[in-house]
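# Results of the structural survey
One-letter residues, chain by chain:
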Amino acid sequence: MDWAPVSQRIWDMKYRFRDASGAADADLDTTWWRVARALAVPERDPELWAGRFHDALQGFKFLPAGRVIAGAGTGRSVTLFNCFVMGAIPDDMSGIFENLREAALTMQQGGGIGHDFSTLRPRGAPVKGVGADASGPLSFMDVWDSMCRTIMSAGSRRGAMMATLRCDHPDIEDFVDAKRDPKRLRMFNVSVLVTDAFMKAVKEDADWDLVFGGKVFRTLKARTLWERIMRATYEVAEPGVIFIDRVNRRNNLHYCESIQATNPCGEQPLPPYGACLLGSINLGVLVKEPFTPRARLDDEALERLVPLAVRMLDNVIDVSRFPLPQQEREAKAKRRIGLGVTGLADALIFCGVRYGSPEAVKLTREWLGAVQRLSYLASADIAAEKGSFALYDRARYLAGETIKALPEDVRSAIGRYGIRNSLLNSIAPTGTISLLADNVSSGIEPVFAFSFVRHVLQPDGSKREESVEDHAMRAWRSLKGNEPPPADIFVDAQTLTPADHLAMQAAAQDYVDSSIS
């Protein structure tokens, strides 16, 4: 296999299993067999399914998230889930530090975490019984930040957290400006939970009350707060915004859970103790006859691949360890997965289509629509064989906004057989696994750059430089030699307009039931 040196190093550093004696996966194929056999254990015929799963992994056609590749079949006490949203934080010292403990245990096993801090009283509010004033949610975020840095020091992988705060919390202005301090909350992404009522107040230039525990602490203009959020986002890239009412309204599980936070990268809005389980179909290796007028996505390969990917991710739920029993109960009651795509930009290049163009939007809708349809049909098939997720309520599930928008044959299959997985599709950042797969373009993003120097953090804290070249560019040079690639097709993130990015995300988001990083 013509495999980029950086990809080989990624495999060796992050995904190649080495046991205590020093024995290691002999090669990438050994890694694929290790993962395939581990994920086939729940099947009636494990050897049969291991072979099918191995075929899906070979050639980087299906890329489970990094935790799965690194941990499956190793016997290590690690979780195969990427991230978790933690439980609601009680507004008392005991509950706060119990949640900190749970967060530390989760991060120790390799899971990133999301937390909503809106339940904590604002800075200066009285603490009855001790004659003191509250230090506010941001002070406790600092404690979480310190914990994350400490846990990170035990390994080479950077810790990741998401903090959310409601737009009507009295400390929201301090939260919005927190990341302006370059030393504060470095281990967090931060996002404001924006409600429909707030957006209505912004549009009407109305007053906006900042409230906690039924008491109004202060009132300001909604537009003033919105402008403050947007100014901080523009100048220091945070906070993000989560339209939380829409998240809950469009959630397939609208009838049995409430969401107030996401995983660190945002592609999985999750309830308390919800778990984030990801995998990506690599569109970049599914194009037939690339760089020719006949270039096209291999529809038959996609139809074979998606059901295998859904089954593999569903099996992860049964074979994974969980840091906390609450996380295991939550995952097994709802069997949420996040199957998405990567390599979209490279697939478009192979087809001679410019990223962000009307033709790119059309193909994106076709390709992701097919992934969504095949995912739901596969989950219905598995439900017929193994049963639906425990909290499946046929009438209420089929009444969901996302489900009602699915094709008729899919809704009919769900109605007939049920559904194994409550949610099925999200699009992850796929940073490291895309590098592993010969540096295919990440997720639905454009090619970052066709060649660049990457700074790699080493276990000892030092950094190493390495040259990286995009998968599509390597393929072009392999086929065309020194012939210059067409500049109107080989476009990257440095040259595209914001409108190009938005057009592609708008096309993709109709075909996910969670979110997009």
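The structure this text deals with has already been given above.
Structure report, in brief. (Residues numbered from 1 in each chain as written. Predicted model: local features only at pLDDT ≥ 70, side-chain atom pairs only at ≥ 80, totals over all residues. Heavy atoms only, no water.)

### What to know about the sheet that holds strand β17 (residues 338–342)
The condition that has to hold: At least two bridges found by DSSP between two strands are what make those strands a pair. Secondary structure counts use DSSP, requiring at least four H or I residues in a row for a helix and at least two E residues in a row for a strand, with both numbered from the N terminus. For helices, the axis comes from a line fit to the C-alpha atoms of the stretch in contact; other axes are also lines fit to C-alpha atoms, and the angle between any two N-to-C directions lies between 0 and 180 degrees. We call two residues in contact whenever any of their non-hydrogen atoms come within 4.5 Å of each other.
Overall, mixed pairing links the 3 strands, which are arranged β1-β14-β17 in an open sheet. The outermost strands of the open sheet, each flanked by one partner alone, are β1 (62–64) and β17. Strand after strand, the sheet turns through a mean of 25° between neighbouring axes, direction not considered. Alignment of strand β14 (residues 278–282) against β17, held across 5 bridges, turns out to be parallel. The partner of S280 across the bridge, within β17, is G340. Relative to β14, helix α11 (residues 299–319) is tilted by about 165°, and along the sheet it contacts β1, β14 and β17.

### Thoughts on unusual backbone geometry
Threshold: Each residue gets one of three labels from its accessible area relative to the maximum for its type: buried under 20%, exposed over 50%, partly exposed in between, using a 1.4 Å probe on protein chains only.
That bond from E238 to P239 is cis: its omega, 10°, falls within 30 degrees of zero. Mapped onto the elements of the fold, P239 is located in the loop between α9 (222–236) and β10 (240–243). Positioned with a positive phi, F60 is a non-glycine residue whose angle comes to about 60°. Among the structural elements, F60 can be located in the loop between α3 (46–57) and β1. With a phi close to 50°, E289 is a non-glycine residue in the positive phi region. Exposure remark for E289: the relative accessible area of 32% places this residue in the partly exposed category.

### As for α9
To keep things clear, this is the line we draw: Helix span, expected: 1.5 Å multiplied by one less than the number of residues in the helix. To be clear, the arc concerns the directions from the helix axis to the C-beta atoms.
The first and last C-alpha atoms of α9 sit 21 Å apart over 15 residues, in line with the 21 Å expected at 1.5 Å per residue. Taken as a whole, α9 has its buried residues at A222, L225, W226, I229 and A232. Buried residues along α9 cover an arc of 130° about the axis, so they all sit on one side. On its buried face, α9 sits against α7 (172–177), β7 (188–194), α8 (196–204), β8 (207–212), β9 (215–221) and β10. One or two positions beyond α9, positive phi appears at A237, with a value near 70°.

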